[in-house]
Amino acid sequence: MTTAESKLDACIQACLDCLRDCEYCANACLSEDMVQMMAECIKRCRDCADTCALCARLMSRSSELHKQMCGVCAEACDRCASECEKHDHAHCQRCAESCRRCAQLCREMAA
């Protein structure tokens with residue numbers, strides 16, 4: 001496996017991990033007592049999850065658009081992480097960490 005292939009595989013896996021953690025976080029936020037206070041977190045998690053899913057698909061099929069999508073995905077991940085970091089819930093903190101990792105790898109792929 002070449003370095004480029006291993007970077008691609010790592011980025012795809014980071015997107016899939018982030019997708020999972022964002023979906024989990026959004027669902028957990030819906031169960032919080034003050035769900036209205038979590039509305040922005042839920043929105044950003046859903047946007048990030050959808051973006052990560054598409055990004056992973058495009059990379060998996062070597063789409064010519066995957067570099068641009070990686071840039072968009074990094075932005076969605078950064079926005080989600082910034083929101084999740086505002087909350088003390090363990091699911092939000094885990095999501096933020098996953099988003100930061102995914103954003104970093106996606107930025108490298110977009111370069």
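The shown structure was predicted, so the numbers you read here are calculated from the model rather than taken from an experiment.

(A) The arrangement of the overall build of the protein chain in detail. When its secondary structure is counted, the protein chain shows four helices and zero strands. For the protein chain, the α and β elements follow one another from N to C terminus as α-α-α-α. For 111 residues, the compact-globule estimate of 2.2 N^0.38 gives 13 Å, and the C-alpha radius of gyration of the protein chain, at 14 Å, lies within 12% of that figure. Projected onto its principal axes, the C-alpha coordinates of the protein chain cover approximately 50 × 20 × 20 Å. Of all 111 residues assigned to the protein chain, the portion counted as buried reaches 45%. Counting contacts in the protein chain only where the partners sit at least 6 residues apart, residues at least 24 apart contribute 69% of the total. For the protein chain, the computed accessible surface area is about 6400 Å², with 51% contributed by carbon and sulfur atoms. For the protein chain, the distance from the average position of its 14 positive side-chain charges to the average position of its 18 negative side-chain charges is 4 Å.

(B) Spatial organisation of the pattern of salt bridges. Under the counting rule described, the total for this entry stands at nine salt bridges. Salt-bridge contacts for Arg79 lead to Glu75; the nearest nitrogen and oxygen are separated by 2.7 Å. Of this pair, Arg79 and Glu75 both sit in helix 3 (residues 66-84), four residues apart, which is roughly one turn of the helix. Overall, the relative accessible area of 38% leaves Glu75 in the partly exposed class. Across the salt bridge formed by Arg107 and Asp78, the nearest N and O atoms sit 2.9 Å from each other. Of the two residues, Arg107 is situated in helix 4 (residues 90-110) and Asp78 in helix 3; the sequence distance between them amounts to 29 residues.

(C) Structural view of the side chain of Ser98. Relative to the elements of secondary structure, Ser98 occurs in helix 4. A polar contact is formed between the side chain of Ser98 and the backbone nitrogen of Cys18, at a distance of 3.4 Å. Every residue in contact with Ser98, bar those within four places of it in the chain, is listed here: Asp17, Cys18 and Asp21.

(D) Looking closely at the environment of Ser62. Following the sequence through the fold, Ser62 ends up in the loop between helix 2 (39-60) and helix 3. You can call Ser62 exposed: its relative accessible area is 58%. In this structure, the C-alpha to C-alpha distance between Ser62 and Leu8, residues 54 residues apart in sequence, is 9.6 Å.

(E) Looking closely at the environment of Ala76. Assignment of secondary structure puts Ala76 in helix 3. Residues in contact with Ala76, not counting those within four places in the same chain, are Cys48 and Thr51.

(F) Quick look at helix 1 (residues 3-30). The first and last C-alpha atoms of helix 1 sit 40 Å apart over 28 residues, in line with the 40 Å expected at 1.5 Å per residue. Every buried residue of helix 1 is listed here: Leu8, Cys11, Ile12, Ala14, Cys15, Cys18, Asp21, Cys22, Cys25, Ala26, Ala28 and Cys29. Structurally, helix 1 contributes buried residues whose contacts are with helix 2, helix 3 and helix 4.

Cut-offs used in this document
- Residues numbered from 1 in each chain as written.
- Predicted model: local features only at pLDDT ≥ 70, side-chain atom pairs only at ≥ 80, totals over all residues.
- Heavy atoms only, no water.
- Helix = DSSP H or I, 4+ residues; strand = E, 2+ residues; numbered from the N terminus.
- Rg over C-alpha atoms; globule rule 2.2 N^0.38 Å.
- Buried < 20%, exposed > 50% of the residue type's maximum accessible area, 1.4 Å probe, protein only.
- Contact = heavy atoms within 4.5 Å.
- Areas by Shrake-Rupley, 256 points an atom, 1.4 Å probe, with all protein chains shown as cover.
- Lys, Arg positive; Asp, Glu negative; His and termini not counted.
- Charge placed at Lys NZ, Arg CZ, Asp CG, Glu CD.
- Salt bridge = Lys/Arg side-chain N within 4 Å of Asp/Glu carboxyl O.
- Polar contact = N/O pair within 3.5 Å; in protein donor to acceptor, adjacent residues only side chain to side chain.
- Expected span 1.5 Å × (residues − 1).

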